[in-house]
Amino acid sequence: DAEANLKANAVTVEFLMRLFRSPDPARDGRTVTLASQLQDALRELRDDDAMPWENRASLLQAVGVSLGSLGLVSESVEALKLGDQIRSETLPLDSARRLVTRAHLGSSLMLAGQLDEALEVLEPTWKSSKQVFGEFDAHTRSVANLLAEAFRNKGRAPEAVRLLEPLRAWEVDNIPQPSEQ
């Protein structure tokens, strides 16, 4: 098992070294951007069957989140969908790692304007997150807020309000009271 972990890590390290190698001389080393490196990483990770599935899924999640933060939403969705697909082949929906990936995927889908698909991802993710992490865990609250935003954007504001009411009540009860001076 230890030897297998070493091999898995070596494959991942090799991938990262290739990704951040010296700039392409054809571009004279001056036009390399983080966005282009992440897009290269996504291209390589699409078909890298040599890398262990969990390492590949984790890298795809990191690449997807990073692409999304740079405004490259379609690439973000692609990376996160692939990461979730890889994890779905081995992990159940109620796996913490899968739930985190799906929360990021739901967020990227919303940014891409794919609200129906975002709802299909976020509703079961929220339900499973409540069971795995607890109803008022930070991750679960984050997914609930994303889901409520998707409901609002689809014209389903009453569902958003019903979803958020228990969270708001919890937040009021758990906000530290200012000390009297």
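Residues numbered from 1 in each chain as written. Predicted model: local features only at pLDDT ≥ 70, side-chain atom pairs only at ≥ 80, totals over all residues. Heavy atoms only, no water.

Caption draft 1: How the structure looks around the overall build of the protein chain. Assigned secondary structure in the protein chain consists of eight helices and zero strands. Mapped from its N terminus to its C terminus, the protein chain presents α and β elements in the order α-α-α-α-α-α-α-α. Scored against the burial criterion, the 181 residues of the protein chain give a buried share of 37%. When the accessible surface of the protein chain is totalled, it reaches about 10,300 Å², and 53% of it is carbon and sulfur. (Helix = DSSP H or I, 4+ residues; strand = E, 2+ residues; numbered from the N terminus. Buried < 20%, exposed > 50% of the residue type's maximum accessible area, 1.4 Å probe, protein only. Areas by Shrake-Rupley, 256 points an atom, 1.4 Å probe, with all protein chains shown as cover.)

Caption draft 2: Just the packing of helix 2 (residues 34–46) against helix 4 (residues 73–88), in detail. Taken N-terminus to C-terminus, the directions of helix 2 and helix 4 make an angle of 30°; their axes are 11 Å apart at the nearest point. Here the hand of the crossing between helix 2 and helix 4 comes out left-handed. Where helix 2 approaches helix 4, its residues Q39, L42, L45 and R46 are matched on the opposing element by E75, E78, A79 and L82. Looking at the contact of helix 2 with helix 4, its residues break down into four nonpolar, one polar and three charged. (Axes fitted to C-alpha atoms, helices over the stretch in contact; angles between N-to-C directions. Left-handed = near helix turned anticlockwise from the far one by under 90°. Contact = heavy atoms within 4.5 Å. Nonpolar A, V, L, I, M, F, W, Y, C, P; charged D, E, K, R; others polar.)

Caption draft 3: Geometry of the confidence of the model for the protein chain. Taken residue by residue, the protein chain gives an average pLDDT of 86. The fraction at 70 or more is 83%. The weakest mean pLDDT in the protein chain belongs to helix 1 (residues 2–19) at 65; the strongest belongs to helix 6 (residues 115–133) at 97. (pLDDT = per-residue confidence, 0-100.)

Caption draft 4: Spatial organisation of the packing of aromatic side chains. This structure, assessed with the given rule, holds one aromatic pair. An angle of 5° between the planes, with centres 5.4 Å apart, marks the rings of F136 and W170 as stacked. Separated by 34 residues along the polypeptide, F136 in the loop between helix 6 and helix 7 (138–153) and W170 in helix 8 (residues 157–174) bring together distant segments of the chain. Here F136 falls in the partly exposed class, since its relative accessible area comes to 29%. By relative accessible area, W170 is classed as partly exposed at 25%. Taking the ring centre of W126 as reference, the NZ or CZ of K130 above it sits at 3.9 Å. (Phe/Tyr/Trp six-rings, centres within 6.5 Å; stacked < 30°, edge-to-face > 60°. Lys NZ or Arg CZ within 6 Å of the ring centre and 35° of its normal.)

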